[in-house]
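# Working through the structure, step by step
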Amino acid sequence: MKATTAAGGGFVGYGPGEKPRWEEYSKCIHCGLCLNACPTYRELGLEMDSPRGRIHQMIQVDRGRLAVAESFVRHIDLCLDCRSCETACPSGVEYGRLVEAARGQIQEYYRRPAAFRLLQRFFLCQILPHPSRLEKLGKLLRFYQRSGAERVVLASGLLKLLPRHVAALAPLAPRMEKPFFTERLGAVVPAEGPRRYRVGFLAGCIASLAFARLNEATVRVLARNGCEVVIPAGQGCCGALQVHSGLRERARELALRNIRVFEDGGFDAIVTNAAGCGSVLKEYPQLFEHEQQAHYTAAQAFSKRMRDVTEFLDEIGLNSSFGRLERRVTYQDSCHLLHAQRIRSAPRNLMAHVPGINLIELKESEICCGSAGIYNVLHPEMASRLLQSKMKRVDESEADWIVTANPGCLLQLSAGVRASSRPERRVMHVIELLDEAYECNSASGRRI
Ligand code: SF4
Ligand code: SF4
């Protein structure tokens, strides 16, 4: 159905371009088995904020019975794109594709509030895709965080004068590290011992500034497992946040840049430590289904070699010369590792190799912690409710360390720990745990 202007504003029917496809939404048999897997439905109990309800609304728009207007946009926006519903669905509905296409339509044909558009244009279009601008902003932020200015601003209440979405960024802004991992672009790190694999490392955009130590640990762990690690210059933002926001054209540009940078490296695998990035990197071909065949073919070749670092290490057989870490540990599944990439056992298998680790299964570890890219900035109330539920489960586990597999989850869980009764609890990536266990061994028996 062609889009027409609705009486109350917005459009009835989808406009030209990518949209939720009949081939996909017609697989939904409305059984409702996804409802209890959906974080927003669990919190609100509203059908309109469930996967089935959202799919129903998408169908109604396609049939010309509902407008792409405020109500539709609100329910689609409140979705975390966590894809827990995909895991629960017996009919194989690829819900992520549907919601991302719906957001593409919203992006094209619905006028959002000015503050939202400003934030989106500035952050997702003008900063993230441009490594030099991002690095300059990172340096400014680092100065602001380390000079004491941040403390003064937070204490002064000045932030209340800013638009809500901008003010919400302040306490959630990741800590900038020194040095940035961008210094390592272009480096080739040799394997420890005989070279078994040659891997390309995709370092991430914000991760290169705020998770530089995690990236260094990833390189060390790969090298200890016989990998020569190449960190190609010219790589950049993977486009995940743009895909999740419906900015598909911008995401295609970013995808093509990464595909070109990695295509001639002779890599056995291209590796990331960010589950949210990894799922989009593996799904690059979806961005080019209606584009030039050459781009689609190149995207397929790229995504075939793409691996999450936990998946890759589990596949190649882990070097388990670890020292002992006597710790009670729990693991929060990152949604885009578990539900989008269907990787559940790899991180658990890796941790099981470390002597002394007591891995306690976290109840509802498959439910989102509320991070979901920039969701916690755009929907702070829902994100906070989800985080509170998560922290209750963490408390029940009595774990000393919370381990996960995605930088966004690390930030969200760290915020939860800071606000909890046990702020000394550590939050870490699986790779950081392995790195510490290797280090513990090489420090001849030193215990952490
Ligand atoms: S992606 Fe997550 S939040 Fe969105 S409908 Fe599915 S389960 Fe619910
Ligand atoms: S589980 Fe799948 S088929 Fe059933 S209502 Fe949810 S999306 Fe539709």
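Computed from a prediction, not measured in an experiment: that's the story for all the values here. The numbering scheme is per chain: residues are counted from 1 as the chain's sequence reads. Key to labels: chains lettered from A, ligands numbered from 1, both in the order written. Confidence filtering applies because this is a predicted model: local features only for residues at pLDDT of at least 70, side-chain atom pairs given and counted only at 80 or more, and all residues used for totals across whole chains, interfaces and linings. Calculated side-chain values reflect all of the structure's heavy atoms, with hydrogen atoms and water omitted.

For the chain, the count of helices and strands is 24 helices and 12 strands. The C-alpha radius of gyration computed for the chain amounts to 22 Å, which stays within 12% of the reference 22 Å derived for 448 residues, consistent with globular compactness. Taking the principal axes of the C-alpha coordinates as reference, the chain spans close to 75 × 50 × 45 Å. For the chain, restricting intrachain contacts to residue pairs at least 6 apart in sequence, the fraction spanning at least 24 positions comes to 78%. Using a 1.4 Å probe, accessible areas were evaluated by the Shrake-Rupley method; residue-level cover was limited to the displayed protein chains. Counting every atom, the chain has about 19,200 Å² of accessible surface; 54% of that belongs to carbon and sulfur. The way it works is that DSSP assigns letters per residue, a run of H or I at least four long becomes a helix, a run of E at least two long becomes a strand, and they are numbered from the N terminus. A radius of gyration in this sense is built from C-alpha atoms; the matching globule rule multiplies 2.2 Å by the number of residues raised to 0.38. Note on contacts: a residue pair is in contact if any heavy atoms of the two residues lie within 4.5 Å.

Segmentation into domains, and thus their bounds, comes from an automatic or database assignment. Domains assigned within the chain are domain 1 (4-109), domain 2 (114-172), domain 3 (181-314) and domain 4 (322-442). Using C-alpha coordinates to define each centre, domain 1 is positioned 29 Å away from domain 4. Tallying the contact residues gives 17 residues for domain 1 and 18 residues for domain 4. Defined in terms of a 1.4 Å probe, buried area is the accessible area two parts forfeit on being brought together, summed over both. Surface buried jointly by domain 1 and domain 4 totals about 1,400 Å² across both partners, of which 58% is contributed by carbon and sulfur atoms. The largest share of the area that domain 1 buries against domain 4 comes from Arg42, Glu43 and Leu80, three residues that together contribute 37% of it.

Looking now at the packing of aromatic side chains. Put simply, two rings from Phe, Tyr or Trp (the six-membered ring, in Trp's case) pair if the centres are within 6.5 Å, and we call them stacked under 30 degrees between planes, edge-to-face over 60, tilted for the rest. Counting across every chain of the model gives 6 aromatic pairs. Relative to Phe267, the ring of Phe262 lies with its centre 6.0 Å away and its plane at 55°, an arrangement referred to as tilted. The same class applies to Phe262 as to Phe267, namely buried. Think of it as a cone above the ring: NZ of Lys or CZ of Arg counts as a charge over the ring if it is within 6 Å of the ring centre and within 35 degrees of the ring normal. When the ring centre of Phe180 is taken as origin, the NZ or CZ atom of Arg142, which lies over that ring, is 4.2 Å away. Of note, Arg426 hangs over the ring of Trp401, and the distance from its end group to the ring centre comes to 5.0 Å. Under the scheme applied here, a residue whose accessible area is under 20% of the maximum for its type counts as buried, over 50% as exposed, and between as partly exposed, the area being computed with a 1.4 Å probe on protein chains only.

Bringing the sheet that holds strand S11 (residues 401-404) into the picture now. With parallel pairing, the 4 strands of this open sheet are ordered in space as S10-S9-S11-S12. Where the open sheet ends on each side, the last strands, each with one partner, are strand S10 (357-361) and strand S12 (426-429). Recorded for the sheet is a direction-independent mean angle of 35° between the axes of neighbouring strands. Here 3 bridges tie strand S9 (residues 327-331) to S11, and the two strands are oriented parallel to one another. Bridge pairing in S11 places Thr330 opposite Ile402. Strands are labelled as partners when DSSP assigns at least two bridges between them. Orientation is described by lines fitted to C-alpha atoms, with helices fitted over the stretch in contact, and by angles between N-to-C directions that extend from 0 to 180 degrees.

This part covers the site of ligand 2. Looking at ligand 2, the residues that line it are Cys28, Ile29, His30, Cys31, Gly32, Leu33, Cys34, Arg52, Ile55, Cys89, Pro90 and Ser91. Cavity membership is defined here by more than half of the atoms lying within 2 Å of grid points; on that basis ligand 2 lies in the second largest cavity. Here the shell around ligand 2 is built from residues that sort into 8 nonpolar, 3 polar and 1 charged. Nearness here has a simple test: a residue counts as near a molecule or strand if at least one of its heavy atoms is within 4 Å of that partner. Definitions used throughout: a 1 Å grid over protein atoms alone; a cavity as a set of points that fits a 1.4 Å probe which cannot get out; a pocket as an open set with protein on both sides within 12 Å along at least five of seven lines; a lining residue as one with an atom within 4 Å of a point. For this analysis, a molecule is said to be in a pocket or cavity if more than half of its atoms are within 2 Å of the grid points defining it. Residues are grouped as follows: Ala, Val, Leu, Ile, Met, Phe, Trp, Tyr, Cys and Pro are nonpolar; Asp, Glu, Lys and Arg are charged; every other residue, Gly included, is polar.

Taken together, the residues surrounding ligand 1 are Cys38, Pro39, Pro51, Arg54, Cys79, Leu80, Asp81, Cys82, Arg83, Ser84, Cys85 and Tyr95. Looking at the shell around ligand 1, the elements with two or more residues in it are helix H3 (51-62) and helix H5 (84-88). Split into classes, the residues belonging to the shell around ligand 1 amount to 8 nonpolar, 1 polar and 3 charged.

Close contact between helix H12 (residues 212-224) and helix H24 (residues 430-442) brings their axes to 9 Å; oriented N to C, the two are set at 60°. Viewed along their axes, H12 and H24 adopt a mutual orientation that is oblique. Crossing angle aside, the handedness with which H12 passes H24 is left-handed. Within the contact between the two elements, H12 uses Leu214, Ala217, Thr218, Arg220, Val221 and Arg224 and H24 uses Ile431, Glu432, Leu434, Asp435, Tyr438, Glu439 and Ser442. Within the contact of H12 with H24, the residues separate by chemical class into 6 nonpolar, 2 polar and 5 charged. Roughly parallel here means an angle under 35 degrees, roughly antiparallel means over 145, roughly perpendicular means 65 to 115, and every remaining angle is called oblique. Each crossing gets its handedness from the near helix: less than a right angle anticlockwise from the far helix is left-handed, clockwise is right-handed.

This next bit is on the side chain of Asp308. Along the chain, Asp308 falls in strand S8 (residues 306-308). When charges are counted, Lys and Arg are positive and Asp and Glu negative, with His and the chain ends excluded. By convention in these notes, a salt bridge is any Lys or Arg side-chain nitrogen within 4 Å of a carboxyl oxygen on Asp or Glu. One buried charged residue, Asp308, remains without a salt bridge, the closest side chain of opposite sign being Lys282 at 6.9 Å. A 3.5 Å cut-off defines polar contacts: any pair of N or O atoms within that distance qualifies, except that in protein one atom must be a possible hydrogen donor and the other a possible acceptor, and neighbouring residues in sequence count only when both atoms are side-chain atoms. Among the polar contacts listed, one links the side chain of Asp308 to the side chain of Thr310, at a separation of 2.5 Å. Those residues in contact with Asp308 that sit more than four places away from it in its chain are Thr272, Asn273, Ala274, Ala275, Lys282, Leu337, Gln341 and Ile343.

In this section: helix H20 (residues 345-352). Every buried residue of H20 is accounted for by Ala346, Pro347, Arg348, Leu350 and Met351. Packing partners of the buried residues in H20 comprise helix H18 (309-316), S9, helix H19 (335-340), S10, S11 and H24.

In this section: empty space enclosed by the protein. Grid points are joined across faces, edges and corners, and a volume is the space filled by probe spheres set on the points. Using the criterion set out here, one finds 5 cavities of 30 Å³ or more in the structure. For the largest cavity, the calculated volume is near 140 Å³. Forming the boundary of the largest cavity are 14 residues, of which Pro131, Thr182, Gly204, Cys205 and Ser208 lie nearest the centre. Mapped by element, the contributors of at least two residues to the lining of the largest cavity are helix H8 (131-146) and helix H11 (206-210). Per-element accounting of the lining of the largest cavity gives the leading share, 3 residues, to H8. The residue inventory of the lining of the largest cavity, partitioned by class, reads 8 nonpolar, 5 polar and 1 charged. Per-domain counts for the lining of the largest cavity show at least three residues from each of domain 2 (114-172) and domain 3 (181-314). Each pocket or cavity is described by its volume, and for the second largest cavity that value is around 120 Å³. Among the secondary structure elements, those contributing two or more residues to the lining of the second largest cavity are H3 and H5. Considering each element in turn, the lining of the second largest cavity owes the most residues, 3 residues, to H3. Grouping the amino acids of the lining of the second largest cavity by side-chain chemistry returns 12 nonpolar, 3 polar and 2 charged.

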